[in-house]
Structure formats: structure tokens, C-alpha cells
Amino acid sequence: MQSPAAASLQSRHGVPDGLGVLLAFQRQWPAYCLGLCVGVAYFFSSPVAGDFWWFDASRHAMNSVFVHDVFAQGGWKDPIRFAKAYYDQYPGINIGFYPPFLYLVTAPFLGVFGVSHATCQAVVSGFAALCAMAGYAWTRPVLGRLGACAAGAMLVVVPEMALWGRQVQLDVPAVALLLWGVWALVKWLAWPRDRWLWLAALLLGCAMLTRVQTLFVWPLWLAAVGLHPVARAQRWRLRLGATALYGLLSLPSVAAALYFAKVMGSLAGKMPDMPDRWSWANWGWYAARMPDQLGFVGTAVLLLGLLLLIEQGARAARGRGADDPVELPADQAIEQSLQQPAQGTLRRPVHRPLGRPNERLLEQTNKQPNKQPNKQPDQQRNEQRNEQRNEQFNGQLNEQHAERPMQRSAGRNELLPMAGPGARRLALWMALSTALLAWLFFSLVSNKEPRFALPVLPFAMLAALLAIASQPTAVRLGALGRMWPRVLAMLMAAGMGAEAWTTQRWADVPRVAGHRDAALLAAQWAAPNSRVMISAHRDGNFIFALRAWGQRPDLAVRRADKLLVDMTIMRQLGIQDRGLNDDDIRRLLVRERVSVVVAQSGYLGDQPSMQALDRLLDADCCFELRQTLRIDGQHRADETALRVYVRRAIPPIPTSLTNPANETNQTNQTSPANPANQTNQTNQTNQTNQTTP
């Protein structure tokens, strides 16, 4: 129930809650324009014609298609049976290995716009737009609208972000959710409102449902919710409930990681060709690659912010100067103002909190005269009177904050409570802590790729920008001091854009073409109700193209690297040949009713069974070569061409090959019901984790 003073404040503002929220959103048109421009730029510069470059991209797209088909084809009625049958037809899904949030988000768009590479990429481009808008939200109160737009653009123009935001990958969606989740947590700490904590838990939990590696945020959450003074002043049920929500959303990812603990242990433990965990080379691995990830201008911004942070730390260690401004959080500033000696008046706080919701209450209190100005009460009565007044003021203020949203939303503080220096410092250290936690986590993991540390980059850039804007010199210079960080941010964003344009990093997006054409030819030449075998490094591109075309639902795909060899995720973790000779492979192709074989020249050519397959195809006894397609794009040196073979005639299946035991054995080799086989087919079975081609 609102107090009379709080109700009076609400009536004086005269803006209904719903309308105030609507106006607050309408006033953020620069953020929406920034997001629209980034999303459109990302989408129209991305591969969208089935020409996936990264090995996992086609599998993430195929996982989204699988979720769509579960609902579109009635698979939800018997999901286990449907999943087995689906994998038997399209063995290009690995949804059990990766968390499903991105796939759940993409599936409705596939239902509306159709199954295509373009639809999947459009969703990822939307998350890239959210990254830019998050940069705007973090920096808007300290850099202004133009400076915040420049900061948001800097986050997505970074070469590493621009690369993975234009592939159907989990990295950029996870980063977007992290940026907004930590932003909501900062806002809750700076201006405690229940909804911000619930929003933070929801977004960070969805980040865990997108990529399990976002586990590194949990220490930050526990420290902020359990140890921060502002958090400890809040209700414990609220903090416990939000933590429970975060944990509940994280549970599926943790369960999948435990299920694949053997594989996860291999990736986190000692990996071939990786430095020792406790060596200098290991801890500097990501730092050495940061200049390539950020570019020249981005690295300069990061170094400038680091130098300013060191300088501010040194000044704090020497002690605050007499001319330095007093920087207190909003709650401490109010408490300090209430503790000042009062003779009928209350001093304003040093820094007013976000939106200044207590301004009218303070003015009303300041205008109240002393009832007995000429009388000198004893010290005990004076202290009791001041205590009663302070308790009444704090009760009205807390009740106002807890029961009604802010009404003043037209100023500079609508998005992030960084109006005061204390709140700015909180945001800076939260961004820096997140970047350090991410760097520490990925440095501990032996399996390293430059893209794994993608969460480090935006938070490190935000920390650098906030450090530049919070420089004490800028605070002392007043309006001029607030202007130069904004101008500098716009100049740095322009420099990063010019660097991306001149170095062709923005326009030169890697892609690999040829597999889609091979899939269309195989669908055209395959016999009815037969199967197509694919033997290629990027077999996921072929499988996705066949499903996206959608004109041959009677066809099924067989993968040669599943039937002829046994490989666990990547070749570095081990590969074992199944020891099949030419006759064995001939009988296998007959039993599987394979009418078309698409083979990449030299794929896994050091394995005897793969060599036997090549000999059988070249013998011209069972299959004839119809067409050879060149593989174009940025690919590995051994990916040169795809050969399309068509069977001369499908012979009848011998009775000995229709034994139910043989069929059961074959099912165990190709269906995801076998956990070991599902592990083998996850992520990228064809040397997924090798360095970028």
C-alpha cells in the first residue's frame, strides 16, 4: 500500500505507469535504429544459400529444423521414436550435445518463413543486433546518444564478432544474452527493483541454455546476489528465488555436460597440440590472439582503457585528492545527507539516484519551517526528533521505490542507472569482472579456439569505454569533460569501421559452396525410396540442403564416416577403421539400398575402409560417375571436388542380408539411441575442431 507522500508524488507527475513505460521505449529510438542497421548489415553480408563455412554451422541449422519438424510433423506425440527415425533419415543433428535455446527460438521463424539457410541466419543476425543495443544500454548514461551508438557499433564491428555473427553459430546469441543479463544485474544493484533481478536470472539462464560455457558467470552471480551490500539489504526470498530460476534454466546444460562427461573431460583436459595448462604459453594464448580479434583500433581502445584503470587504481592507493569529487552510490548518498546536522532542513544527497524520484519529496521537506525556531530543546529530544524524521523519510522513499516504477524517464538515465559515479564504477567493475572470469575459464580449458573466448571481447571493450568516460579529469571539466569521451568514442567507431572496410574483413565473409548443388543432383538422380551416401568433410551442408529442398522426403542419407570408420567428435581424439574390404562395402551398399554416392576426393584417404570405397567407385562395376562439382570458397586444401556416382541398377537384397539381427546391429550403428554413437556424431565429426581453414 502506498503512503500519502508517495501517492502525492505519483499524482504530481501525472503520467500513468503504462504510458510512462511506453514513452520510455519511444525515447530510445537511437537504440532501435542501431539494432535495425546492424541486423540488416549482418544479414545481407552473410552466407544464406546453403554455403556454410564453419563445420558446426550446418548442424546448428539442422537442429533448428529438427525442432521445427517435431511440432510440424507431430513428432511431439512420440518424441523418442520420432528422433530415432529422423536421425536415420537425416544424420546431421546433434541436439543432444548442445543446449536447445537457439533452436527453440529459430523453429517458429522456420515455420513462418520456411526451412532455409537464410531464415536461420536471420535469427543469428537479430542476436547480433541485440549485442549492439546492449552496448548502447551500457554506455548511454555516460556517453550520450551518439556516443552510445558508436559504442554499440564498436562491439559488432570487431572482426571476431563480425565473423561469428555471420555464421549460424551459438557464440553471438550467447554473448547477446550475457550482455543483457549482466546489464540487468547491474541495474538491480544500482537501483533495486525485483523485476531487474528476475530479468537477470532469466537472461543468464537462457545464456546457459544456449552455450554451456557461459557457466563462468555463476561466480559473478553468487558474489553479486549474496555478498554485495545492496543485495544483502534485499529480501532473501527474492534472491533465493532468482537464483533458483537461474539454476533451473542451467540444469539441462549441466545434465548434458555430465552425460557427455567423458568427451567433455577430453576437451577440457590435455588436448593434442595445445600448451601445458600451467605454462605461460597457455595463459597468454588468448591474449596473443586479441589483436587479430579486435583489430588495430579496437586493441588501442582496450589498451587506453587499461592504462586509465591502472592510473585510477594508483590514485586510489595514494589517497583521494582534495579537489576530487565525492563519489557515492545513491543509497549511501541519501544516508549521508540524512545524517548531517539538521535545523529544520535536510540537505540534498551528493548524487541523486536514477531518475531523481525523491526530488519533489526533498523539496517539500526542505520548505517545512521549524515549529519552534527560537527554542533550544535538550540533546535527547533533538536526537529523537531527527531519528523519527529520518525513519519517516526512508520509509516513504523505500515504499515509493518498491511499489511504483519511475515516472521521470525522459532524461539521460532511462536505460542504465549510471547517473552517479558510484553506479558508473559498479558497471565498470562488473564488466571487467565478467571479462576476467571468461578469460580465466577458457584459459583453464585445454581445447582452445579463438572464438571460444568471444565473451571476453565485448565486456573488455565496455570496461575500457566506461573507464575512459569515468576519468576524473573529465568529471572536473564539467560539460567539456563529458563531451570529449563521446567525441572520442565516435572517432574510434569510425576508425574501426574504416579499418574493417580497408582490410576487407567486413566484406570478405568465408563461405564454402558446392555441397548444395551436389544434394540437388543426388535428389534428382536417386531412385524412389532409396538412400544417398555422403562421404565429405562438410557432410552437414549436404544433409541440410537435401532437407531444405524438401522435394524428396522418401530419401534417406547415410554417412560414410559413420559406417566405415569410428571417430569421436574429432580426429585428434581418435579414429579407428572398421576393417571393411571391397566385398564388405559392396554388400553394405546393397543392404542400405544406396542408389547415389557423393564422395569428396581424398576424404579420410589414410583409412583402409575409405580407400576400399574409393576403389569400388572407381571400378565402374556398380556405380558410374555422372558429374564432378568443384568446391568453391575458403576451404581446406584437401577439399577440391565432389564426385556424384549413380548406381547402374539396384540389385535385389539377398536373403542373408535381411536377417533381423543384421538390421538391429545396423540400427545400433546409425541411430542416436546408442550414446557412444551419438557422441561420435556430435559437434563436428570430420575434424571439426581443427584450426580455421
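Residues numbered from 1 in each chain as written. Predicted model: local features only at pLDDT ≥ 70, side-chain atom pairs only at ≥ 80, totals over all residues. Heavy atoms only, no water.

**Focus on the sheet that holds strand β7 (residues 623-630)**
At step 1: On the basis of which strands lie adjacent, the open sheet formed by five strands has the order β3-β2-β6-β9-β7 and mixed pairing. Strands with a single pairing partner mark the edges of an open sheet, and in this sheet they are β3 (556-559) and β7. Each strand of the sheet is rotated relative to its neighbour by a mean of 20 degrees, with strand direction disregarded.
At step 2: Pairing of strand β2 (residues 531-535) with β3 involves four bridges; the strand directions are parallel. Directly across from Val-532, in β3, lies its bridge partner Val-557.
At step 3: Set on the sheet, helix α5 (residues 79-89) makes contact with β2 and β3; between it and β3 the angle comes to about 70 degrees. (Pairing = 2+ DSSP bridges. Helix = DSSP H or I, 4+ residues; strand = E, 2+ residues; numbered from the N terminus. Axes fitted to C-alpha atoms, helices over the stretch in contact; angles between N-to-C directions. Contact = heavy atoms within 4.5 Å.)

**Examining the pattern of salt bridges**
At step 1: Inspection of every chain in the model, using the stated rule, returns 22 salt bridges.
At step 2: In this structure, Asp-583 engages Arg-586 in a salt bridge whose closest nitrogen and oxygen atoms are separated by 2.7 Å. Of the two residues, Asp-583 and Arg-586 are both situated in helix α27 (residues 582-591); the distance of three residues between them amounts to about one turn of the helix.
At step 3: Taking relative accessible area as the criterion, Arg-586 reaches 29% and is therefore assigned partly exposed.
At step 4: A salt bridge links Asp-618 to Arg-643; the shortest N-O distance between them is 3.4 Å. Of this pair, Asp-618 sits in helix α28 (residues 608-618) while Arg-643 sits in strand β9 (residues 641-647), and the two are 25 residues apart along the sequence.
At step 5: What makes Arg-643 buried here is its relative accessible area of 12%.
At step 6: A single network of salt bridges, built from pairs that share partners, joins Arg-59, Asp-539, Arg-559 and Asp-561. (Salt bridge = Lys/Arg side-chain N within 4 Å of Asp/Glu carboxyl O. Buried < 20%, exposed > 50% of the residue type's maximum accessible area, 1.4 Å probe, protein only.)

**Quick word on the packing of aromatic side chains**
At step 1: If you walk through the whole model with that rule in mind, you get 22 aromatic pairs.
At step 2: Between the aromatic rings of Trp-53 and Trp-164, the centroid separation amounts to 5.7 Å while the plane-to-plane angle is 35 degrees, which identifies the pairing as tilted. A residue pair is termed long-range when its members are at least 10 positions apart, and Trp-53 in the loop between α3 (29-44) and α4 (57-72) and Trp-164 in helix α8 (residues 159-164) qualify at 111 residues.
At step 3: You can call Trp-53 buried: its relative accessible area is 1%.
At step 4: Centre to centre, the rings of Trp-138 and Phe-459 are 6.3 Å apart; their planes meet at 90 degrees, and the pair counts as edge-to-face. Of this pair, Trp-138 sits in helix α7 (residues 117-157) while Phe-459 sits in helix α21 (residues 456-469), placing them 321 residues apart in sequence.
At step 5: Given a relative accessible area of 0%, Phe-459 falls into the buried group. (Phe/Tyr/Trp six-rings, centres within 6.5 Å; stacked < 30°, edge-to-face > 60°.)

**Here's the deal with α7**
At step 1: In this model, α7 (41 residues) spans only 23 Å end to end at C-alpha, well below the 60 Å of a helix rising 1.5 Å per residue.
At step 2: At Leu-143, α7 is deflected by roughly 140 degrees, the largest bend along its length.
At step 3: Of all 41 residues that make up α7, 33 are buried, and the element is covered over most of its length. (Expected span 1.5 Å × (residues − 1). Bend = angle between axes of the 7 residues up to and from the residue.)

**Re the nonpolar core**
At step 1: Within the largest apolar cluster, 155 residues are counted, with the highest numbers of intra-cluster contacts made by Trp-138, Leu-185, Trp-221, Met-430, Phe-542 and Val-598.
At step 2: Top contributing element to this core by residue count: α7, with 21 residues.
At step 3: When sequence neighbours within four positions are dropped, the list of residues in contact with Leu-185 reads Leu-197, Ala-200, Trp-221, Ala-224, Val-225 and Met-430.
At step 4: By size, the runner-up hydrophobic cluster in this structure holds 21 residues, among which are Leu-564, Val-594, Ala-599 and Leu-616. (Core = buried A, V, L, I, M, F, W, Y, C linked by side-chain atoms within 4.5 Å.)

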